[in-house]
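Read off the chains here:
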Amino acid sequence: MMDLILILAIVLVILVALLAAALLIPADISLRPFKEGPLAQLCVSFRLLKGISSGRVDVSTSKREFQLRVLGVTILRKDLKKKEEDEEKKKKKKREKKKKPTDWKKLVWNADELYDAGRELVGALTKNTSITRLRGKVKVGLSDPAHTGMLVGFLYAGSGIAKAVLPESELEIEIEPSFDKERMDADIETELRLPLFKVVIPLIRFFRRVRAI
C-alpha cells in the first residue's frame, strides 16, 4: 500500500513539474494561412516544452483535423469536421425539442461588459506575444492594372513598416503583382512566442466575466 502511494506521489510530482514547465517555458506557435484560387487552408501548430509536446490543427475546404504528438509519436488524431457535424446534429435536435428565443435585450445591455472583457484578453495576448518570424508570398491583382500597382506599393510600404516595428523578427515577404487577371492568393507563415503563464489569469478572468453575463 505504501509503495502504491509513493508511486502515485511521484507521478503527481512529475505531472505538476511538467505543467509548471509548460507554463513557464514559452510556447512556440505557428500560423500558416494558404490560399490559391478556390483552395484555402489554415494550419495552426504549437510546440510545448521545447518541442517535447506538439500539436497541429489543419482546417481546409476538405478536412479539419487535430493531431497531438509527444516525443515525435502521434498519440491523438481527431477528425474535427466529423465532430462538428455530430455536434451540429445534437444541437439541432435540442433546438427542435425546446427552442428558446434569443435574449437580445440582455446582449445589448451587457455589450459594454463583453467588449471590455474581450479587449482585456486581446490586450494581454498582444502584449505578451512576440513575432519571431514572418515570411511568405502574396499574389495580388485587381481589375485595373493601375490599381494593382497602387495596391502593391501599399503592401511594400506596409512590409517596410513591419520591419521597422519588429527589428528583432525575421521578416521576408515576397509580393508578386498580377496585371493580367484579378486574384488574391497568399502563402504566409507566422511564428509566435507566447509565455503561457502570462495569459492564464486573463483567460480565466475573461471566461468568468462572460459566464456571469
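Refer to the preceding data block for the structure.
Residues numbered from 1 in each chain as written. Predicted model: local features only at pLDDT ≥ 70, side-chain atom pairs only at ≥ 80, totals over all residues. Heavy atoms only, no water.

### Focus on the packing of helix H4 (residues 111–128) against helix H6 (residues 197–212)
No. 1: As a packed pair, H4 and H6 sit with axes 10 Å apart at the nearest point and diverge in direction by 170°. Accordingly, the angle class assigned to the pair H4 and H6 is roughly antiparallel. In contact with Glu 113, Leu 114, Asp 116, Ala 117, Gly 118, Glu 120, Leu 121, Ala 124, Leu 125 and Asn 128 of H4, H6 contributes Lys 198, Val 199, Pro 202, Leu 203, Arg 205, Phe 206, Arg 209 and Val 210.
No. 2: Residues of the contact of H4 with H6, tallied by class, amount to ten nonpolar, two polar and six charged. (Axes fitted to C-alpha atoms, helices over the stretch in contact; angles between N-to-C directions. Helix = DSSP H or I, 4+ residues; strand = E, 2+ residues; numbered from the N terminus. Parallel < 35°, antiparallel > 145°, perpendicular 65-115°, else oblique. Contact = heavy atoms within 4.5 Å. Nonpolar A, V, L, I, M, F, W, Y, C, P; charged D, E, K, R; others polar.)

### Observations concerning the pairing of strand S8 (residues 183–194)
The side chains of a regular strand alternate between both faces of the sheet.
No. 1: In this sheet, S8 lies alongside strand S1 (residues 27–36) in antiparallel orientation, the contact comprising seven bridges. Bridge pairing links Lys 35 to Ala 186 in S8.
No. 2: Bridging between strand S6 (residues 130–141) and S8 involves eleven bridges; their strand directions are antiparallel. Paired with Ser 130 across the two strands is Arg 193, which belongs to S8. (Pairing = 2+ DSSP bridges.)

### A closer look at the sheet that holds S1
No. 1: Taking strand neighbours across the sheet as the criterion, the eight strands line up as S5-S4-S3-S2-S1-S8-S6-S7 in an open arrangement whose pairing is mixed. Of all the strands in the sheet, just strand S5 (73–79) and strand S7 (170–177) have a single pairing partner and so form its edges. Neighbour-to-neighbour, the strand axes of this sheet turn through a mean angle of 10°, independent of strand direction.
No. 2: The sheet contact formed by strand S2 (residues 39–48) and strand S3 (residues 53–60) spans eight bridges and is antiparallel. Looking at S3, one finds that Ser 45 is bridged to Arg 56.
No. 3: Packing of helix H5 (residues 145–165) onto the sheet brings it into contact with S6, S7 and S8, and relative to S7 it is tilted by some 175°.

### Looking at the layout of surface pockets
No. 1: Space inside the largest pocket adds up to approximately 250 Å³.
No. 2: Around the largest pocket, the lining is made up of 16 residues, and of these Asp 28, Ser 30, Ser 45, Phe 46 and Arg 47 lie nearest the centre.
No. 3: If you list the elements that add at least two residues to the lining of the largest pocket, you get S1, S2, S3, strand S4 (64–70) and S8. (1 Å grid on protein atoms, 1.4 Å probe; cavity = no way out; pocket = protein on both sides within 12 Å on 5 of 7 lines; lining within 4 Å. Points joined across faces, edges and corners; volume = space filled by probe spheres on them.)

### Comments concerning the pattern of salt bridges
No. 1: Inspection of every chain in the model, using the stated rule, returns 14 salt bridges.
No. 2: In this structure, Arg 193 and Asp 28 form a salt bridge, with 2.8 Å as the shortest nitrogen-oxygen distance. Taken together, the residues span a long stretch of sequence, with Arg 193 in strand S8 and Asp 28 in strand S1 at a distance of 165 residues.
No. 3: Taking relative accessible area as the criterion, Asp 28 reaches 16% and is therefore assigned buried.
No. 4: For Lys 137, the salt bridge is made with Glu 176, and the minimal N-O distance between the two is 3.2 Å. Residue Lys 137 is found in strand S6, and its partner Glu 176 is found in strand S7; the two are separated by 39 residues along the sequence.
No. 5: We classify Lys 137 as partly exposed; its relative accessible area is 31%.
No. 6: For Glu 176, a relative accessible area of 30% puts it in the partly exposed group.
No. 7: Because the salt bridges share partners, they merge into one network encompassing Asp 28, Arg 47 and Arg 193. (Salt bridge = Lys/Arg side-chain N within 4 Å of Asp/Glu carboxyl O. Buried < 20%, exposed > 50% of the residue type's maximum accessible area, 1.4 Å probe, protein only.)

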